[in-house]
Protein chains: 2
Amino acid sequence: MTGVLIPGPGKRVTLRDVALEAGVSIKTVSRVVNGEPAVNAATAVRVAGVVERLGYRPNELARSLKGQRSRTIGLVISDISNPFMASCAQAIEGVAQEHGHALILCDSHADLRTEGDYVGLLTQRQVDGLLLVPAHGHNVHLNREQQAGLPVVTLDRPAEGVQADMVLVQNRAGAREATEHLIRHGHERIAFVGDVRNFYTTRKRLEGYKEALKAANLKPAPSLGAHSIELGEEAAKSVLDAPDRPTALFAANILTALGALRAIEHLGLRIPEDVALIGFDDFELAPVLRPRFTLVRQPAAELGRRAAEMLFDRLEGRGRPEPRRLVLPTELVVRESCGCPVEPAP
Amino acid sequence: MTGVLIPGPGKRVTLRDVALEAGVSIKTVSRVVNGEPAVNAATAVRVAGVVERLGYRPNELARSLKGQRSRTIGLVISDISNPFMASCAQAIEGVAQEHGHALILCDSHADLRTEGDYVGLLTQRQVDGLLLVPAHGHNVHLNREQQAGLPVVTLDRPAEGVQADMVLVQNRAGAREATEHLIRHGHERIAFVGDVRNFYTTRKRLEGYKEALKAANLKPAPSLGAHSIELGEEAAKSVLDAPDRPTALFAANILTALGALRAIEHLGLRIPEDVALIGFDDFELAPVLRPRFTLVRQPAAELGRRAAEMLFDRLEGRGRPEPRRLVLPTELVVRESCGCPVEPAP
DNA sequence: TTGTACGCGTTATCAA
DNA sequence: TTGATAACGCGTACAA
């Protein structure tokens, strides 16, 4: 026995230690710790005292190994530094917390291979379920895990090549509504600046845009592939430099919205007098910009929350076995960049 | 060999299954899986084949239980939906990944009690180390874990009542530099709008602000307690409504910066002609605002990265035993809201 | 080169 | 009401 009272590194107190100290069997300690009924009140109190004094904490790893469930879920997200994703993640973390589960965070950087690696790692860690924002491509790695019985819920977009639960937002309807709003302002040449074409969200928003134009007998003018603010700026510039300059722009995500903003300024045009502008995907500063930014808002927190809840429905055995698909409404937040009258300062 | 190739739900393949199928002992399979040398090449190949065919994946939980290290670290962050924190988290996740560790994400919502609960949960899960953005208050719960040998690194601010490694940014120097910049523009009445006074970062920035004013023989005019955009707006309004209106404002964080922006507009003042403005804490839209926003930028990703690296230094036994403290430089990004000449559009 | 036996810390079974 | 003992899946020590 050393003179040191503070336990050295790595010396964790186990059930055995408590049992020894309290003069009972480890099972009795286990019972007390887990609040099982069949324990003499007196011994329970005594054991609880020792537990407290020694600072015993159950080893969750051992519990998991024994119990076949890790009380852990995995989240593979495409980019946590994206505020939209961060809000999703925050909501997910909250739901996991409520259900007594830990959340392992993985950032795939929207790379399919990285995503696959992460999914593998997570299953090795015996996660009880998986939430993911799938990278573009064929998410085959999910098949294997699903067939092994791992519940999977995707959010923001569906996984390809796999049948999984999913929670989406109304990309098509949202884009359509925004475009219709521009049409109602009298615009006839409305351009679309969007991200990479083979992204699910880009495609859907493009569809909505086209639908609206078609219904009004107008000609679509899409420009795709803008995967950064810079590319968005270039795309917007070339669109606005065309001979028959569009009088309105629909920027299908935040990157292109900001890029468009820069392009418009660079060209010396005014919003909304020369070019009306509507974006997709919320950002905190939208109401601070001048003119105030009109956009299609996505319910980020709710997206995360509902996806997590859907996962726990599975984990807790609720709901039908067939894949579920939930689509959340977007909201057109009308401010000024679309050409609507300036609100009085609040 | 059964006829069913696809394992049913929950039926995880174990070393035993592989061993049985390959006609070898468990240990031999283990050797093959872990790439240990002492294995006959032929059997190694055969076993590897079975591993592949059965889709065996080592149970990381069992490994951890045996090996006394979970290859998992915990991150307790105050608010993941804050872009600054999200960038930290992203960098941390990357470093964890590089070191083969999983990252458990916990959002304390800046609540001390929640933080304590999370720290407890994480140790129960046998995390190898802890990263946290401590909530305000006495972070006593850390003492216990630290004494049990758990490495802890805090970021953005120090923990109170505990000696732990930490990575900070130069709050004082950054604020001082910003204030000096305003002074150099000729301002003599420079107000400070900041978050809650007992926040470490608020205090340090306030100190820097005061230092700069004192050196110039000017009188400080701080307004504290602005813990939301709305409160920031009110604070800025009351400051700017005072009889001797300040000609410049230093907004000590992003919330107050946005609040100030609103207040200034509401009062019908112009930036920087009527009020010059400098903020603290970067945001993506700063260059998009008009006028372009001058601010003190914090190296969020580096903060996260360095903190994580510091943790792994400990985990891998590098470095001295005494607590380390790393302070990263901030950068004054001069744009227009401070009164500097308008840059030509790029 | 391969296999046996044990232990990691828990919970579950069954007997006392 | 309690306790010995066997799992959980893996790695380590030692034998064969």
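Residues numbered from 1 in each chain as written. Chains lettered and ligands numbered in written order. Predicted model: local features only at pLDDT ≥ 70, side-chain atom pairs only at ≥ 80, totals over all residues. Heavy atoms only, no water.

Enquirer: Before we go on, may I ask you to explain the environment of Arg 189 of chain A in this structure?
Expert: Residue and element names in this part refer to chain A. You can see Arg 189 is positioned in the loop between helix H8 (171–184) and strand E6 (190–193). The class for Arg 189 is partly exposed, based on a relative accessible area of 36%. In this structure the C-alpha to C-alpha distance between Arg 189 and Lys 204, which are 15 residues apart in sequence, comes to 20 Å. Excluding its chain neighbours within four sequence positions, the residues that come into contact with Arg 189 are Asp 244, Arg 245, Pro 246, Thr 247 and Ala 248. Among the polar contacts listed, one links the side chain of Arg 189 to the backbone oxygen of Arg 245, at a separation of 2.8 Å. (Helix = DSSP H or I, 4+ residues; strand = E, 2+ residues; numbered from the N terminus. Buried < 20%, exposed > 50% of the residue type's maximum accessible area, 1.4 Å probe, protein only. Contact = heavy atoms within 4.5 Å. Polar contact = N/O pair within 3.5 Å; in protein donor to acceptor, adjacent residues only side chain to side chain.)

Enquirer: I tried to follow the packing of aromatic side chains on my own but got confused; where do I start?
Expert: Each aromatic ring pair is specified by the distance between its two centres and by the angle formed by the two planes. One pass over the full model with this rule turns up six aromatic pairs over all chains. With centroids separated by 6.4 Å and ring planes inclined at 65 degrees, the aromatic side chains of Phe 250 of chain B and Phe 280 of chain B adopt a geometry described as edge-to-face. Here the residue Phe 250 of chain B occupies a position in strand E8 (residues 248–251), and Phe 280 of chain B occupies one in strand E9 (residues 276–280), the gap between them amounting to 30 residues. The ring of Phe 280 of chain A carries Arg 205 of chain A above its face, with NZ or CZ at 3.8 Å from the centroid. (Phe/Tyr/Trp six-rings, centres within 6.5 Å; stacked < 30°, edge-to-face > 60°. Lys NZ or Arg CZ within 6 Å of the ring centre and 35° of its normal.)

Enquirer: Could you clarify how one ought to interpret the pattern of salt bridges in this entry?
Expert: If charged atoms from side chains of opposite charge come close, those side chains can pair. Applying the stated criterion to the full structure yields 43 salt bridges over all chains. Measuring nitrogen to oxygen at the nearest pair gives 2.7 Å for the salt bridge that ties Glu 336 of chain A to Arg 292 of chain A. Of the two residues, Glu 336 of chain A is situated in the segment after strand E12 (331–333) and Arg 292 of chain A in the loop between strand E9 (276–280) and strand E10 (294–297); the sequence distance between them amounts to 44 residues. Classification of Arg 292 of chain A by relative accessible area gives buried; the value is 7%. The partner of Arg 172 of chain B in a salt bridge is Glu 211 of chain B, and the shortest N-O contact between them spans 3.0 Å. Of this pair, Arg 172 of chain B sits in helix H8 (residues 171–184) while Glu 211 of chain B sits in helix H9 (residues 200–215); the two residues are 39 residues apart in sequence, bridging distant segments of the chain. Using a relative accessible area of 26% as the deciding quantity, one classes Glu 211 of chain B as partly exposed. (Salt bridge = Lys/Arg side-chain N within 4 Å of Asp/Glu carboxyl O.)

Enquirer: Before we go on, may I ask you to explain the protein's contact with DNA strand D in this structure?
Expert: Around DNA strand D, a shell composed of 23 residues is seen, among which Thr 28 and Arg 31 of chain A together with Lys 27, Tyr 56 and Arg 63 of chain B lie nearest. Taking the atoms of DNA strand D that fall within 4 Å of the protein, sugar and phosphate contribute 62% of them. For the surface near DNA strand D, the elements supplying multiple residues, two or more each, are helix H2 (26–33) and helix H4 (60–67) of chain A together with helix H2 (26–33) and helix H4 (60–67) of chain B. (Near = heavy atom within 4 Å.)

Enquirer: Which parts of the structure should I look at to understand the interface of chain A and chain B?
Expert: Accessible area lost upon the coming together of the parts is a frequently used measure of interface size. In this assembly, 63 residues from chain A lie in contact with 63 residues from chain B. Of the roughly 5,600 Å² buried between chain A and chain B, counting both surfaces, carbon and sulfur atoms make up 55%. At the surface where chain A touches chain B, the tally comes to four salt bridges. Between Arg 290 of chain B and Glu 265 of chain A there is a salt bridge whose closest N-O contact spans 2.2 Å. Seen at the junction of chain A and chain B, the total is 24 residue pairs in polar contact (both at pLDDT 80 or more). Of all elements in the fold, only H4, helix H5 (83–98), strand E2 (102–107), helix H6 (112–124), helix H7 (141–147) and helix H11 (254–266) of chain A reach the threshold of two or more residues within the side of chain A that touches chain B. Of the residues in the side of chain A that touches chain B, the class split is 27 nonpolar, 21 polar and 15 charged. (Buried area = accessible area lost by both parts, 1.4 Å probe. Nonpolar A, V, L, I, M, F, W, Y, C, P; charged D, E, K, R; others polar.)

Enquirer: Please clarify how the protein's contact with DNA strand C should be interpreted in this entry.
Expert: As a structural note, the neighbourhood of DNA strand C is formed by 24 residues, with Tyr 56, Arg 63 and Lys 66 of chain A together with Thr 28 and Lys 66 of chain B the closest of them. Each atom of DNA strand C within 4 Å of the protein was classed as base or backbone; sugar and phosphate made up 56%. Within the backbone of Leu 15 of chain A, one N or O atom sits 2.7 Å away from a phosphate oxygen of DNA strand C. In the model, a base nitrogen of DNA strand C is placed 3.2 Å from a nitrogen or oxygen of the Lys 27 of chain A side chain. For the surface near DNA strand C, the secondary-structure elements that each account for two or more residues are H2 and H4 of chain A together with H2 and H4 of chain B. For the surface near DNA strand C, the residue count by class is nine nonpolar, eight polar and seven charged.

Enquirer: Looking at this structure, how should I read the relation of the copies chain A and chain B?
Expert: For the pair chain A and chain B, the superposition axis carries a translation of 0.0 Å, the fit reaches an RMSD of 0.1 Å, and the rotation angle comes to 180 degrees. What we have between these two chains is a two-fold relation. The C-alpha atom lying nearest the rotation axis in chain A is that of Ile 104 of chain A; the distance is 2.1 Å. Comparing interface residues between copies, 100% of those in chain A also sit at the interface in chain B, which points to an isologous, same-surface contact. (Least-squares fit on C-alpha atoms with pLDDT ≥ 70 in both.)

Enquirer: For this particular structure, what's the right way to read the sheet that holds strand E6 (residues 190–193) of chain B?
Expert: Picture the strands of a sheet paired through backbone hydrogen bonds; they go either parallel or antiparallel. Residues and elements named next belong to chain B. Spatially, the six strands line up as an open sheet ordered E7-E6-E8-E9-E10-E12, and their pairing is mixed. Across the chains shown, the open sheet's two edge strands, defined by having one partner strand only, are strand E7 (221–223) and strand E12 (331–333). Averaged over neighbouring strand pairs, the angle between their axes works out to 20 degrees when direction is ignored. Here three bridges tie E6 to E7, and the two strands are oriented parallel to one another. Bridging across to E7, Val 193 finds its partner in Ser 223. Sheet strands touched by helix H10 (residues 229–241): E6, E7 and E8. Its angle to E6, the strand with the most contacts, is close to 160 degrees. (Pairing = 2+ DSSP bridges. Axes fitted to C-alpha atoms, helices over the stretch in contact; angles between N-to-C directions.)

Enquirer: Explain the side chain of Ser 223 of chain B to me, please; I cannot follow it from the model alone.
Expert: Residues and elements named next belong to chain B. Within the element layout of this structure, Ser 223 appears in strand E7. Residue classification places Ser 223 among the buried residues on the basis of a relative accessible area of 14%. Apart from the residues lying within four places of it in its own chain, the contact partners of Ser 223 are Phe 192, Val 193, Gly 194, Ala 235 and Val 239.

Enquirer: Looking at this structure, how should I read the domain arrangement of chain A?
Expert: Entries for chain A in the domain assignment read domain 1 (15–56), domain 2 (69–169 + 301–328) and domain 3 (171–298). The straight-line distance from the C-alpha centre of domain 1 of chain A to that of domain 3 of chain A is 65 Å. (Domains from an automatic or database assignment.)

Enquirer: Is there a simple way to explain empty space enclosed by the protein in this structure?
Expert: It is a probe the size of a water molecule, rolled over the atoms, that shows where empty space is left. On inspection of all chains with the given rule, the structure shows two cavities of 30 Å³ or more. Lining the largest cavity are 14 residues, and of these Leu 61 and Thr 72 of chain A together with Leu 61, Thr 72 and Arg 125 of chain B sit closest to its centre. Where the lining of the largest cavity is concerned, the elements lending two or more residues are H4 of chain A together with H4 of chain B. Broken down by class, the residue content of the lining of the largest cavity amounts to four nonpolar, six polar and four charged. In this structure, the second largest cavity encloses a volume near 40 Å³. Ranked by residue count, the leading element in the lining of the second largest cavity is helix H12 (residues 300–315) of chain B, at three residues. Here the residues of the lining of the second largest cavity sort into one nonpolar, one polar and six charged. (1 Å grid on protein atoms, 1.4 Å probe; cavity = no way out; pocket = protein on both sides within 12 Å on 5 of 7 lines; lining within 4 Å. Points joined across faces, edges and corners; volume = space filled by probe spheres on them.)

Enquirer: Explain the nonpolar core to me, please; I cannot follow it from the model alone.
Expert: One recurring pattern in soluble globular proteins is that nonpolar side chains are buried together. Counting residues in hydrophobic clusters, the biggest one holds 58 residues, and the most contacted among them are Leu 249, Phe 283 and Phe 293 of chain A together with Leu 249, Phe 283 and Phe 293 of chain B. Where this core is concerned, the elements lending two or more residues are E6, helix H10 (229–241), strand E8 (248–251) and H11 of chain A together with E6, H10, E8 and helix H11 (254–266) of chain B. Not counting the four nearest positions on each side in its chain, Phe 283 of chain B is found in contact with Leu 285 of chain A together with Ile 254, Leu 258, Leu 289, Phe 293 and Leu 295 of chain B. In this structure, Ile 77, Ile 80, Ala 86 and Ala 307 of chain A belong to the second largest nonpolar core, which totals 56 residues. (Core = buried A, V, L, I, M, F, W, Y, C linked by side-chain atoms within 4.5 Å.)

Enquirer: Where do I start with the packing of H5 of chain A against helix H12 (residues 300–315) of chain A in this structure?
Expert: To characterise two packed helices, one gives the angle between the axes of the helices and the distance between these axes. Residue and element names in this part refer to chain A. The geometry of H5 relative to H12 is characterised by a closest axis approach of 7 Å and an angle of 40 degrees between their N-to-C directions. Relative to H12, H5 is oriented oblique. As for the relative orientation of H5 and H12, their crossing is right-handed in sense. Taken together, the residues of H12 that come into contact with H5 (itself represented by Phe 84, Ser 87, Cys 88, Ala 91, Ile 92, Val 95 and Ala 96) are Ala 300, Ala 301, Leu 303, Gly 304, Arg 305, Ala 308, Glu 309 and Phe 312. A per-class count over the contact of H5 with H12 returns eleven nonpolar, two polar and two charged. (Parallel < 35°, antiparallel > 145°, perpendicular 65-115°, else oblique. Left-handed = near helix turned anticlockwise from the far one by under 90°.)

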